[in-house]
Amino acid sequence: MVGTGIFTTPAQIIASTNSVGATLLLWALGGIVTLAGLYVFIELGTALPRSGGPLVYLPRIFRRPRYLATCIFAVQFVLFATSASSAVSFAANILQAGPVDRSGSYASNGLAIAIVTAVCLIHAFLPRHGVELSNVLGVVKLGFLLAISVAGFVALGGRSNTPPPGNFDIFDGPGTVEMADALQGTPGSAAGFAVAVLHVLYSFSGWQSANYVLGEVRRPKRTLFKAVPIAVGLVVVLYMLTNVAYFAALSKNDIALTGIDQRSVAAAFFEAVVGDGSFVQIGVPILLATSALGNVFAQVFAMARVKQEIAKEGLLPWSIFWAREEPFPATFWSVSRHWVDRLAFLFRNWTTRPSPARAILLHWIITVVIILASTAADGALYVSVTFFYAESWVSLFLAAGLLSTFRHRNIEWLLDPVTEKSVFYKAPTLVVVFWALSLVFAVSAYFVPFRQFPTSAIPWYVVPTVGTGLLLVGAAYWLLWAAARNRFGFYLRDRTLNHDGVVVTEHIRIEKRAERVEMIHSVGRIRRGHEIWTSL
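Residues numbered from 1 in each chain as written. Predicted model: local features only at pLDDT ≥ 70, side-chain atom pairs only at ≥ 80, totals over all residues. Heavy atoms only, no water.

Definition in use: UniProt positions are given in the numbering used here, feature names are shortened, and annotations may be inferred rather than shown by experiment.
In the annotation of an unreviewed UniProt entry, the chain is listed under the name Amino acid/polyamine transporter I and assigned to Lasiosphaeria ovina. In its Subcellular location (unreviewed entry) section, UniProt records this for the chain: "Membrane".

**Considering unusual backbone geometry**
Convention followed: Where helices and strands are cited, they refer to DSSP runs of H or I of at least four residues and of E of at least two residues respectively, numbered from the N terminus. Relative accessibility thresholds used throughout: buried, under 20% of the residue-type maximum; exposed, over 50%; partly exposed, between the two (1.4 Å probe, protein chains only).
In this chain, Arg 64 is followed by Pro 65 through a cis amide linkage whose omega measures -10 degrees. Tracing the backbone shows Pro 65 in the loop between helix 4 (54-61) and helix 5 (68-80). Of note in this structure, Trp 318 is not a glycine but carries a positive phi near 55 degrees. The class of Trp 318 is exposed, set by a relative accessible area of 69%.

**A closer look at the pattern of salt bridges**
Heads up, the condition is: The rule for a salt bridge is simple: a side-chain nitrogen of Lys or Arg has to be within 4 Å of a carboxyl oxygen of Asp or Glu.
In total, this model carries 3 salt bridges according to the counting rule given. Across the salt bridge formed by Glu 216 and Arg 305, the nearest N and O atoms sit 3.2 Å from each other. Of this pair, Glu 216 sits in the loop between helix 11 (209-212) and helix 12 (220-249) while Arg 305 sits in helix 15 (residues 278-312), and the two are 89 residues apart along the sequence. A relative accessible area of 35% places Glu 216 in the partly exposed class.

**Remarks on empty space enclosed by the protein**
Quick note on the threshold: Lining residues are defined by having an atom within 4 Å of a point belonging to a cavity or pocket. Those points lie on a 1 Å grid over the protein atoms alone, cavities being sets where a 1.4 Å probe fits but cannot get out and pockets being open sets with protein on both sides within 12 Å along at least five of seven lines. Grid points are joined across faces, edges and corners, and a volume is the space filled by probe spheres set on the points.
Evaluated as defined, the whole model comprises 3 cavities of 30 Å³ or more. By volume, the largest cavity amounts to about 160 Å³. Lining the largest cavity we find 14 residues, and of these Trp 207, Phe 388, Ser 392, Trp 435 and Leu 439 sit closest to its centre. For the lining of the largest cavity, the secondary-structure elements that each account for two or more residues are helix 3 (20-47), helix 20 (379-404) and helix 22 (429-445).

**Describing the confidence of the model for the chain**
Threshold: pLDDT runs from 0 to 100 and stands for how confident the predictor is about each residue. Note on definitions: a residue-residue contact is assigned when non-hydrogen atoms from the two residues lie within 4.5 Å.
Residues of the chain with pLDDT of at least 70 account for 75%, and the chain-wide mean is 79. Throughout residues 327-338 the model reports pLDDT below 50, and contacts reaching past four residues in sequence, or to other chains, amount to 13 contacts. Predicted confidence for residues 347-352 stays below pLDDT 50, and this span has 10 contacts to residues more than four positions away or in other chains.

**Overview of the nonpolar core**
To keep things clear, this is the line we draw: Residue types Ala, Val, Leu, Ile, Met, Phe, Trp, Tyr and Cys, when buried and joined through side-chain atoms within 4.5 Å, form a set referred to as a nonpolar core.
Among the nonpolar cores identified, the biggest contains 147 residues, and Phe 7, Phe 77, Ile 148, Phe 269, Ile 310 and Trp 435 are the most heavily contacted of them. Ranked by residue count, the leading element in this core is helix 15, at 16 residues.

As structure tokens, this is what we get:
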């Protein structure tokens, strides 16, 4: 959840609102929207505590046409859920901390690909250590936010290297933002506020990652219900304190200009508080790179597992290949038992923690393609924002589906599919309504003609057009994958792989003979001999 957005997006937000008070209120609103969505996902996760997130929830809510909602989610997640933006951010900050700033060059892309490759190898072959490293990096990120918050209180006390900007003397703060030409709009206008809200919501994105990997969590219902709200609430509070710290040391225009100068707000903040020095020039970029690296670790861990679940549904070409779980020791043993014996101290407990190595490979391939194809400076960032936009559509579908069936949620939805007992949490209907309205705003506000990133040459309409187009691409894929193939006699069945017990849905062609096939229209199944064949 904590990436580099909190250290950079405040520039675009204040440039869009031109008001200190309004900016802080928007951050508070973003936190409320995030918590509302979190409690909706707690209901979904406690009802279906399995890995996959929306991949598991959509078929339960939208049962007809079968697999349509699943295909729509699968297309946008496989193609746009990547680690490219975080890897590029890591590379840019590392190079900025070096003696020669080579950010934006071939060196940046090369370093980004190298770090993604290293993280994918760690998660594939050292899954236990990959989780431990991710936890350590998470602690570092929270520590950095806490340090900024403490430094902000120091600046409020008058102990700063620069005169206090007086941003809290009046609601809007003194002065004005002089960036109208760069933003292609008027700061403080309705369009500016719409874009500011989108930046806030994007900065909070990632809170639903726990639902992606519930199958990896011990006591998933208890963890989701108690630990996740505490963690997200802590991040919301730190985000608010971080923004207060920024305004305690920097003027509105100083914050906004960091977006034009391609500089982080955090670096400008520490320069104002402690002065320009090695910490600002080297230490802050390294900390920002560490934050981005933590995001890469978390994204590879969560996104690869969702893509494995998509493969298990049979939605990908060569799904059986991508769906296999390959515990590395078993594979490596067959290649070189000698080296396994020599490095046995590294392999303890590996066999009890399988790794979706092939799904990680798929995630690596798509991420590298995005990095190499991003010729524009903000190309990878726009891919990330497009995924956030498409994800907002999926979340809106989930919220609308829950609202459309709220009368039956106590009877159907809240029954555990295994134990057939009612789960212990139900999100209040008003919370679901508020979240749904927030998502309606999010998916519609992107069509406001207002440049989101002042230094980018990518037109404003790219994100909403591509993000909405992914829904149509998913529907077209469903027609080809499901409906069209069904016409030629292909049906779905569950196949259990003997290698590691993974259950994969696959297409197989059968002969529809009347004496051997019985159509059961009420549940949409075909019975053939002693096997159950599932029809679309």
